Amino acid sequence: MPSVMRGLAAVLPALLAACAGSPAVPPILSLDGRPCVARPDLAGAQALALDAGKPIKLDLDAGAACLEPRGGGRSAYVAFRLPRSEQPYLLTVTSAPLGDTLFSPRLMLLDERGKVLREVPRDDFMFHGVALYAGLRAAPAERYLIVASDAPTVGQHVSHIVGESRAFPVPVGIGAVAIINSGSEKQQVITYAHNGRVTVAAQPIPKAN
Amino acid sequence: MRTFRGAAVMIAAAMVLVGCASSQPEIPYDRTAKAQIKKIGIVTPAFAEPSVILLNSVGSSFGLIGALADASMQSNRDSTFKTLLQQQKFSPQDHFLERVTQGLRAAGYTVAIVPMKRDGSSFVDKYPTDAAVDAYLDLVAPVYGYIANGVGDSAPYRPRFVVKARLVSAKDSSVLMQDRVLYNPLGPDNTAVTIPADPALQFKDFDALTASPQVAVKGLRVATEQSAQTIAKLLQ
C-alpha cells in the first residue's frame, strides 16, 4: 500500500469521529413530580470568573434543580455567582444542542439579596448556528445569574438546514491521490426542552475594531 | 486580467465558506445608553454585487484549473442573477434599508437617512459631524444572493444574506452595538446571529432558479426582510 494511502487510512477514523455530532439525549418535556422551590437556591451558585478563557459548561439533566415561583410554571434552573466588577462586562449564555435536544433558556439577574433586577426572556435569545445565544452587558449590581428553562416553549420544534462537506480520496495512478469534494445538506429538527447543555462566560466588553 | 478576476471570485467564495467571519467581535447593545439614543441616522448601506455561490463544486477538486473554471461559471451566474433582479425591478439594498427603517421606527426610534459614498466592505472610518442624530447605524452587506452547498438534489440553491451592523454614538464615537447577521448559515457559526433558511424556498439548480424569477426574488426578499428585522431587534 502506498504510503499516502496508509496515511489516509490512519487518519480516516479520526476524521469520521470528528464529524460525529453530540450524543443523542431525549428531551425532558415535563417537570411533573420533581421537587421544586419557590426561590432559587443561591447558596449553591457556581462562581463565574471574569475571564473569557474560563467559561462554565454544564449539562442540565433529570437531576437539575427545579424552580416554581408562586403563580408561575416549573423550570429547571442553575444559578451562577457573578464576578465582582466596577465596570459593566460582557456576559454570554449559550444553549447548544445535545443531539436534537436544546435547552430552552431564559435568564434572571439578581442582586446580592436575591432580588430580581432584570429578566431576559427566551425571545431575546438568537441563534448562533443551531445554538441559542444571548450576550448582555452585566451591571456591577447584578450579582447572580439564574439560567432557567422557559416552560411555554418547551416541546416546540425548530428546523435548521445544516450543510455537510466531504472530501473523498481517490487513487489516481501509483501513489497519487486526488481529493474529490462534495457537499450536501440535511434538515435537523430540534426540540426545545428542560434539559440540554449550557455555557456561561464573562469577559470585559470587547473593543470594536 | 481574466486570471485576476477568477482569483478575486475564488477569494469571495472562500469568504462565503466561512460566512465572512471577521475579527469584529459581537458587542451587545448598551441599553443604558438607549435612553439617550432617540434619533438614529442610517448611513447609506454598503452593498456588494449579488452573487450565486456553488460550494463543493466539481472544479474545486481539480486545483487551479478547476478553480478558474469555477470562477468563470460563477461570474456567469452572478451576472445572470444581477440581470434577473434588474428585470424584476428588485433592489435588495433599497428593500433592506426600507425594512430596517420600519423596524427601528416600530422600536420607537426616529430615523434619518445619512447619505454617504461607500467603497469596499468595511464600516465607515469617520461619520459626519453635522447630522443631527444621536447615533449612526452602519450596515455592510458583503454577500447576498443564493448559495448551494454542492451539486445535485441534496444541495439545492437557497437564499443567502450576510450583513454586518454597527451602532456608533454621535457624541463620542463609542461603539454601542456591533454584530453580524447571517441568513442561511449552512455551517456552524458562533460569531454571528444566524437565521435558518425557509426550507420551502429552494431551487434544485441554477437553471430552475432563473426559470422562476419571481420566486427567486421572493426568496431573497424573505432573507432581506428577516435580516432587517433581526438588526432592529438587536437595537430593542
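These figures come from a predicted structure and were not determined experimentally.

Reading the values: rules and limits
Residues numbered from 1 in each chain as written. Chains lettered and ligands numbered in written order. Predicted model: local features only at pLDDT ≥ 70, side-chain atom pairs only at ≥ 80, totals over all residues. Heavy atoms only, no water. Helix = DSSP H or I, 4+ residues; strand = E, 2+ residues; numbered from the N terminus. Contact = heavy atoms within 4.5 Å. Pairing = 2+ DSSP bridges. Axes fitted to C-alpha atoms, helices over the stretch in contact; angles between N-to-C directions. Expected span 1.5 Å × (residues − 1). Buried < 20%, exposed > 50% of the residue type's maximum accessible area, 1.4 Å probe, protein only. Disulfide = S-S within 2.5 Å. Lys, Arg positive; Asp, Glu negative; His and termini not counted. Salt bridge = Lys/Arg side-chain N within 4 Å of Asp/Glu carboxyl O.

**Q** How do you make sense of the side chain of Ser149 of chain A when you look at a structure like this?
**A** When you line up the elements, Ser149 of chain A lands in strand E11 (residues 144–149). Setting aside residues up to four positions removed in sequence, Ser149 of chain A forms contacts with Ser75, Ala76, Phe103, Ser104, Arg106, Ala193 and His194 of chain A.

**Q** What am I meant to see in the sheet that holds strand E13 (residues 177–193) of chain A here?
**A** Backbone hydrogen bonds hold the strands of a sheet together, and the pairing may be parallel or antiparallel. All names here are of chain A. The three strands lie next to each other as E6-E13-E12, forming an open sheet whose pairing is mixed. Edge positions in the sheet fall to strand E6 (101–103) and strand E12 (157–171), since each of these pairs with one other strand and no more. Adjacent strand axes in the sheet meet at a mean angle of 35° when their direction is disregarded. Here E6 pairs with E13 via three bridges, running parallel. Paired with Thr101 across the two strands is Thr191, which belongs to E13.

**Q** How do you make sense of helix H2 (residues 63–87) of chain B when you look at a structure like this?
**A** Helical geometry note: an α-helix holds 3.6 residues per turn, so side chains three or four residues apart project in the same direction. All names here are of chain B. Between its terminal C-alpha atoms H2 stretches 36 Å, which fits the 36 Å expected from 25 residues at 1.5 Å a residue. The complete set of buried residues in H2 reads Gly66, Ala67, Asp70, Ala71, Gln74, Arg77, Asp78, Phe81, Leu84 and Leu85. Remark: Lys89 follows H2 within two positions and exhibits a positive phi of approximately 55°.

**Q** I'm lost on the state of the cysteines in this one. Help?
**A** Note on terminology: disulfide describes a covalent bond linking the sulfur atoms of two cysteines. Residues and elements named next belong to chain A. Scanning all chains against the criterion turns up one disulfide over all chains. The residue that forms a disulfide with Cys36 is Cys66, at a sulfur-sulfur distance of 1.9 Å. With the S-S dihedral at roughly 65°, the linkage between Cys36 and Cys66 falls on the right-handed side. In this pair, Cys36 is assigned in the loop between helix H1 (3–19) and strand E1 (46–47) and Cys66 in strand E3 (residues 65–67), connecting sequence segments 30 residues apart. You can call Cys66 buried: its relative accessible area is 3%.

**Q** Would you mind going over the side chain of Asp179 of chain B with me for this structure?
**A** Residues and elements named next belong to chain B. Within the secondary structure, Asp179 is located in strand E7 (residues 175–183). Although buried, Asp179 forms no salt bridge, and the nearest oppositely charged side chain, Arg180, lies 6.4 Å from it. Apart from the residues within four sequence positions on either side, Asp179 is in contact with Glu26, Val163, Lys164, Ala165, Thr191, Ala192, Val193 and Leu234.

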